[in-house]
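Fold and contact review
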Amino acid sequence: MKISRFLCVPAAWLGLLALSVWAAGPGGTMSVQVKNTALRASPAFIGKAIATLSYGDQVAVIESQGPWIKVGASGGLTGWAHTSALTPKRIVLQSGRETARTKASGDELALAGKGFNSDVEGEFRKQHRNIDFTWIDRMEKTRVSPGEMQSFLKAGGITPGKGGAQ
Amino acid sequence: MSVKGFFNFSLPLAAGCHVAGRLWGTAFVFLFAFAAADAQILDALSNIGAEIGKQTGVLTPEQAESVKKAGGAVAKTFESITPEQEYYIGRTVGAVIINKYRACGNEEADHYLNVLGQALAQFSDRPETFGGYHFLFMDSDEINAFSAPGGLIFISRGMLQCCQNEDALAAVLAHEIGHVQRQHGLQAIKNSRLNAAFSILAAESAKQFGGQDLKDLTTAFEGSINDITATMMNSGYARSCEREADKAAVVIMQRAGYDPNGLIAMLLEMKKRLKPGGFDFAKTHPPPSSRIADITRAIGAYRPVSAPASRQTRFARVMEQIRP
């Protein structure tokens with residue numbers, strides 16, 4: 001049982017990526033499912049960031065190229081976002097009764113702030129005061145700019161190959 | 001300190017039953033949720049439960065509709081965990097790890113690790129997670145590395161000693177990124193925990209978040225953290241997961257421009273250093289020789305890594321900073 005679950009995951013993950021693009025399709029909409037992601041001028045991480053998209057932002061799908069999706073964002077901006085930052089589900093930032101008024105089904109919605117959230121972490125921390133989160137908070141503050149990554153690879157004589165999430 | 005020492009939790013089934021007792025219209029759904037495994041049956045039960053609740057006045061029509069919509073979630077597995085929830089699980093798993101092993105705390109070395117790791121993550125199939133990828137050296141001579149769900153990755157000093165060049169360290173990080181990409185940590189969560197959590201969420205969608213719901217959800221959360229940390233630190237992932245992570249590491253390294261032979265170089269060194277019966281990779285991972293055999297099938301016979309002086313110099317500096 002456990003083994004079969006493990007075997008299913010690579011296919012499920014790849015399928016999900018493909019399905020997410022297919023489900024949204026040109027003309028469809030997707031939501032940003034990470035805290036922040038860059039809207040880039042070209043379909044690559046080295047592409048210039050022209051704006052920052054935030055959790056729950058909805059974007060219109062224009063076209064896809066490999067793992068990158070060209071989207072239209074608010075303010076008439078268009079650019080490229082990586083598939084792993086987007087979901088075909090509509091992310092509802094409001095909680096509680098708001099969900100009862102939407103016509104979308106549970107499978108079409110992702111409710112922001114629901115389930116395992118900061119409140120749950122807070123309750124957990126109250127019950128386990130011996131577990132210190134200082135280093136976790138410090139880790140998350142680490143920021144590396146795309147420019148620094150590029151310089152690092154170049155200085156080390158590393159030339160990225162083709163393909164993948166570049 | 002054992003992982004079990006952190007927690008003293010009750011069964012999440014009890015948490016699910018508590019919710020059911022307070023909202024009997026949905027209880028019909030949830031009690032069957034624990035016994036049944038078929039998603040379609042559960043969806044149907046969700047609808048029936050919501051209808052009963054509506055007809056008996058326990059739920060308003062709006063609330064019943066909401067329960068119907070959320071009911072499908074009861075049948076979900078780890079794949080239904082949103083990136084946001086994965087992030088909170090990962091933060092706590094990471095906290096448990098770093099409270100056990102402690103951080104080295106060398107700012108320059110940690111920054112190097114983050115530049116290398118975040119650059120590698122860009123070449124994975126999952127470059128973006130809710131909170132992003134972050135890396136830290138652990139102050140431990142054990143040969144160990146951990147990846148918490150969502151991308152918090154920890155490398156021990158003992159593991160660094162198994163690396164003779166940056167390509168080998170890149171291989172270790174890429175392997176851990178592979179675990180994050182494939183969500184192996186989340187797969188360690190028992191379905192009973194998820195059933196309990198999603199049951200609470202299904203009921204929660206029909207009303208405001210209550211104090212008892214938070215407690216019940218925290219119980220399921222606590223159990224989930226325990227499932228993941230126990231798997232990572234004690235039993236190890238399934239062999240198939242380690243193979244997947246190695247496979248992902250080779251792909252990431254090739255895309256990034258690192259030599260995948262770095263992975264074999266690291267495993268050869270690890271083979272020399274691992275002590276049988278140890279509480280590190282010797283306990284939680286397949287033997288290095290078996291992993292090497294799998295990797296050479298993918299990339300061909302082992303060839304020693306040749307790195308330019310600039311790469312080796314910066315790596316040597318980090319080795320010096322993290323030396324015991």
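Residues numbered from 1 in each chain as written. Chains lettered and ligands numbered in written order. Predicted model: local features only at pLDDT ≥ 70, side-chain atom pairs only at ≥ 80, totals over all residues. Heavy atoms only, no water.

**Here's the deal with the overall build of chain A**
A count of helices and strands for chain A gives four helices and nine strands. Taken from N to C terminus, the helices and strands of chain A fall in the order α-β-β-β-β-β-β-β-β-β-α-α-α. With 166 residues in all, chain A has 45% of them scored as buried. Intrachain contacts of chain A at a sequence separation of at least 6 include 48% that bridge at least 24 residues. Per element, the accessible surface of chain A, about 8500 Å² overall, is 55% carbon and sulfur. (Helix = DSSP H or I, 4+ residues; strand = E, 2+ residues; numbered from the N terminus. Buried < 20%, exposed > 50% of the residue type's maximum accessible area, 1.4 Å probe, protein only. Contact = heavy atoms within 4.5 Å. Areas by Shrake-Rupley, 256 points an atom, 1.4 Å probe, with all protein chains shown as cover.)

**Focus: the sheet that holds strand β3 (residues 152-156) of chain B**
Hydrogen bonds between backbone groups are what pair the strands of a sheet, and the pairing can be parallel or antiparallel. All names here are of chain B. What the three strands build is an open sheet, ordered β1-β3-β2; its pairing is mixed. Each edge of the open sheet carries a strand with a single partner, namely β1 (134-138) and β2 (145-148). When strand polarity is set aside, the average angle formed by the axes of neighbouring strands in this sheet is 15 degrees. Running over the sheet, helix α6 (residues 107-121) touches β1 and β3 and is turned about 140 degrees from β1. (Pairing = 2+ DSSP bridges. Axes fitted to C-alpha atoms, helices over the stretch in contact; angles between N-to-C directions.)

**Focus: the side chain of B:E176**
Residues and elements named next belong to chain B. Examined against the element boundaries, E176 turns out to sit in helix α8 (residues 166-181). Buried charge without a salt bridge: E176, with R291 as the nearest opposite-charge side chain at an N-O distance of 7.0 Å. Within the structure, the side chain of E176 is placed 3.1 Å from the side chain of S147, a separation counted as a polar contact. Excluding its chain neighbours within four sequence positions, the residues that come into contact with E176 are A145, F146, S147, I153 and F281. (Lys, Arg positive; Asp, Glu negative; His and termini not counted. Salt bridge = Lys/Arg side-chain N within 4 Å of Asp/Glu carboxyl O. Polar contact = N/O pair within 3.5 Å; in protein donor to acceptor, adjacent residues only side chain to side chain.)

**Side note on the nonpolar core**
Residues and elements named next belong to chain B. Judged by nonpolar contacts, the single largest core of 53 residues is most densely connected at L116, L120, I155, M159, Y258, M266 and M270. In terms of residues, this core owes the most to one element, α8, which gives nine residues. Excluding its chain neighbours within four sequence positions, the residues that come into contact with L120 are A170, L173, A174, I177, I252, A256 and Y258. M138, L201, I228 and M233 belong to the second largest nonpolar core, which has 42 residues in total. (Core = buried A, V, L, I, M, F, W, Y, C linked by side-chain atoms within 4.5 Å.)

**Points about the packing of aromatic side chains**
Tallied over the full model, the rule gives eight aromatic pairs over all chains. Seen in terms of ring centroids, A:Y55 and B:F130 are 4.9 Å apart; in terms of plane orientation they differ by 85 degrees. Their pairing is edge-to-face. One end of the pair, A:Y55, is in the loop between β3 (49-54) and β4 (58-65); the other, B:F130, is in the loop between α6 and β1, on a second chain. Exposure remark for A:Y55: the relative accessible area of 15% places this residue in the buried category. Classification of B:F130 by relative accessible area gives buried; the value is 7%. Centre to centre, the rings of B:Y87 and B:F130 are 5.2 Å apart; their planes meet at 50 degrees, and the pair counts as tilted. Taken together, the residues span a long stretch of sequence, with B:Y87 in helix α5 (residues 83-101) and B:F130 in the loop between α6 and β1 at a distance of 43 residues. (Phe/Tyr/Trp six-rings, centres within 6.5 Å; stacked < 30°, edge-to-face > 60°.)

**Side note on the pairing of β1(B)**
Residues and elements named next belong to chain B. A large share of β1 lies buried, amounting to five of its five residues. Alternating residues of β1 divide into H134, L136 and M138 and F135 and F137, and every residue in both groups is buried. Two elements, β1 and β3, share five bridges in a ladder whose sense is parallel. Bridge assignment links F137 to a residue of β3, and that residue is I155.

**Some details on the packing of α8(B) against helix α13 (residues 261-273) of chain B**
Residue and element names in this part refer to chain B. Two elements in contact, α8 and α13, have axes whose closest approach is 7 Å; the angle formed by their N-to-C orientations is 90 degrees. The pairing of α8 with α13 is recorded here as roughly perpendicular in orientation. Across the interface between the two elements, D167, A168, A171 and V172 from α8 touch G262, L263 and M266 from α13. For the contact of α8 with α13, the class distribution of residues is five nonpolar, one polar and one charged. (Parallel < 35°, antiparallel > 145°, perpendicular 65-115°, else oblique. Nonpolar A, V, L, I, M, F, W, Y, C, P; charged D, E, K, R; others polar.)

**Quick look at helix α11 (residues 211-235) of chain B**
Residues and elements named next belong to chain B. In this model α11 runs 35 Å from its N-terminal to its C-terminal C-alpha over 25 residues, within 8% of the 36 Å that 1.5 Å per residue would give. Of all 25 residues in α11, 19 are buried; the element is thus mostly enclosed. Two residues or fewer past α11, G236 is found with a positive phi of approximately 85 degrees. (Expected span 1.5 Å × (residues − 1).)

**A few points about the confidence of the model for chain B**
Residue and element names in this part refer to chain B. When the pLDDT values of chain B are averaged, the result is 79; 74% of them are 70 or greater. Below a pLDDT of 50 lies the segment residues 1-60, which in the model reaches 94 contacts outside its immediate sequence neighbourhood of four places, other chains included. Confidence drops under pLDDT 50 across residues 66-75; counting only partners more than four residues distant or on other chains, this segment forms 36 contacts. (pLDDT = per-residue confidence, 0-100.)

**With respect to the pattern of salt bridges**
Overall, the coordinates contain 22 salt bridges over all chains when judged by the stated rule. In this structure, the salt-bridge partner of B:R193 is B:D227, at a minimum N-O distance of 2.8 Å. With B:R193 in helix α10 (residues 191-204) and B:D227 in helix α11, the pair connects residues that are 34 residues apart, well separated along the chain. By the burial criterion, B:R193 is buried, and B:D227 matches it. In the salt-bridge network here, residues are joined through shared partners; they are A:K35, A:E121, A:R125, A:D137, A:E140 and B:R91.

**Observations concerning unusual backbone geometry**
Generally, phi is negative for residues other than glycine and the peptide bonds are trans, each holding for most cases. All names here are of chain B. Positive phi, normally seen in glycine, also occurs at R102, with a value near 70 degrees. Counting through the fold element by element, R102 comes out in the loop between α5 and α6. The phi dihedral of Q183 is positive, around 55 degrees, even though this residue is not glycine. Relative to the assigned elements, Q183 resides in the loop between α8 and α9 (184-187). The class of Q183 is buried, set by a relative accessible area of 11%.

**Comments concerning the packing of helix α4 (residues 146-155) of chain A against α6(B)**
As a packed pair, α4(A) and α6(B) sit with axes 10 Å apart at the nearest point and diverge in direction by 95 degrees. As summarised for this structure, α4(A) and α6(B) are arranged roughly perpendicular, according to the angle between their axes. In contact with A:E148, A:M149, A:F152 and A:L153 of α4(A), α6(B) contributes B:H111, B:Y112, B:V115, B:L116, B:Q118 and B:A119. Within the contact of α4(A) with α6(B), the residues separate by chemical class into seven nonpolar, two polar and one charged.

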